[in-house]
Amino acid sequence: MNVLFVEDEAKIANFVRAGLKEQGFVVDYCDNGDDGYLRALDNEYDAIILDIMMPGKDGLSILKLLRRQGRNAPVILLTARNELEDRLQGLNLGADDYIAKPFFVEELAARIHAVVRRSVSDRQNLLCVGSIKLDRITREVTCNRQAIELTSREFNLLEYLMRSPGRVFTRTQILEHVWGYEFNPNTNVVDVCIQRIRKKLDPLDEAVWIESIRGVGYRFRKPDS
């Protein structure tokens, strides 16, 4: 799952990001509310985690603006304060859940899964393009009804491409969304991972689903193209 995490406390942010990534999440991170709000508008996320108190726009303001814009991605609010008024205000603004600091990363991960299950239909959880089916909840992938074993990174990359069949993604875009912004843009990890996925898909289907766009990047082919 792709999640946006907005938190200004570096220690908490590093701990949570590492813990979520270990559990297979793709984490997009911002350390202030203004950048977090813009990131939420520019990208589609499975869930958004907002600290209430932070520089720039606070979490409640971001939540209110997103809901006004018609953005319905599940939102979990984080706060050091455990007052009833804060919880009620957040929930009334459209928050899907609320967790008070300190907390265990495992609990946050479970809550993310829970809000996504509640807000996303089974059809949206299941990506189907041609002979390939990808279940975003169970993280199972099949090609022509045969199961394919993918690493966490391979799964995240395949999901990213399958969410927008026909759209061309640059290597930089793929790096930012699947590996994170801290990766060197000159690395060839994207190409290597694509090759590994192809080796698992190609024997099960004659069609070439992941296409290379010379000098640009990759795209997942539409069935009718």
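Everything below is about the structure printed above this text.
Since this is a predicted model, take the numbers as computed values, not measurements.

Moving on to the sheet that holds strand β9 (residues 146-148). Strand order in the open sheet made by the 4 strands is β6-β7-β8-β9, with antiparallel pairing throughout. The open sheet has two edge strands with one neighbour each: β6 (126-129) and β9. Ignoring which end each strand starts from, the neighbouring axes of this sheet average 25° apart. The sheet contact formed by strand β8 (residues 140-143) and β9 spans 3 bridges and is antiparallel. Note on β9: the bridge partner recorded for Cys143 is Gln146. Of the strands in this sheet, β6, β7 (132-135) and β8 are in contact with helix α7 (residues 152-162), which crosses β7 at around 115°.

On to the nonpolar core. In terms of nonpolar packing, the biggest core is built from 27 residues, with Leu157, Ile174 and Phe220 touching the most fellow members. When residues of this core are traced back to their parent elements, those giving at least two are β6, β7, β8, α7, α8 (171-179), α9 (189-201) and β12 (217-220). Each residue touching Ile174, except ones within four places of it in the same chain, is listed here: Leu157, Tyr160, Leu161, Phe169, Trp179, Val190 and Tyr218. In terms of nonpolar packing, the next biggest core, distinct from the first, is built from 22 residues, Ala13, Val16, Leu20 and Ala109 among them.

Glancing now at the sheet that holds strand β5 (residues 97-100). Spatially, β2-β1-β3-β4-β5 is the arrangement adopted by the 5 strands of the open sheet, whose pairing is parallel. Strands at the two margins of the open sheet, each flanked by one partner only, are β2 (26-30) and β5. Averaged over neighbouring strand pairs, the angle between their axes works out to 20° when direction is ignored. The pairing of strand β1 (residues 2-6) with β2 spans 5 bridges and is classified as parallel.

A volume near 310 Å³ is recorded for the second largest pocket. Around the second largest pocket, the lining is made up of 16 residues, and of these Asn43, Glu44, Tyr160, Arg167 and His177 lie nearest the centre. Listed by contribution, the elements that provide at least two residues to the lining of the second largest pocket are β2 and α8. Taken together, the residues that form the lining of the second largest pocket break down as 5 nonpolar, 5 polar and 6 charged.

Between two packed helices, both the angle of their axes relative to each other and the distance between the axes serve to describe the pair. In the contact formed by helix α2 (residues 33-42) and helix α3 (residues 59-68), the axes pass within 10 Å of each other and the chain directions differ by 20°. It follows from the interaxial angle that α2 and α3 lie roughly parallel. For α2 against α3, the interelement crossing comes out right-handed. Every residue of α3 that contacts α2 at Gly33, Tyr37, Ala40 and Leu41 is listed here: Ile62, Leu65 and Leu66. Class assignment for the residues of the contact of α2 with α3 results in 6 nonpolar, 1 polar and no charged.

Parameters and conventions
Residues numbered from 1 in each chain as written. Predicted model: local features only at pLDDT ≥ 70, side-chain atom pairs only at ≥ 80, totals over all residues. Heavy atoms only, no water. Pairing = 2+ DSSP bridges. Helix = DSSP H or I, 4+ residues; strand = E, 2+ residues; numbered from the N terminus. Axes fitted to C-alpha atoms, helices over the stretch in contact; angles between N-to-C directions. Contact = heavy atoms within 4.5 Å. Core = buried A, V, L, I, M, F, W, Y, C linked by side-chain atoms within 4.5 Å. Buried < 20%, exposed > 50% of the residue type's maximum accessible area, 1.4 Å probe, protein only. 1 Å grid on protein atoms, 1.4 Å probe; cavity = no way out; pocket = protein on both sides within 12 Å on 5 of 7 lines; lining within 4 Å. Points joined across faces, edges and corners; volume = space filled by probe spheres on them. Nonpolar A, V, L, I, M, F, W, Y, C, P; charged D, E, K, R; others polar. Parallel < 35°, antiparallel > 145°, perpendicular 65-115°, else oblique. Left-handed = near helix turned anticlockwise from the far one by under 90°.

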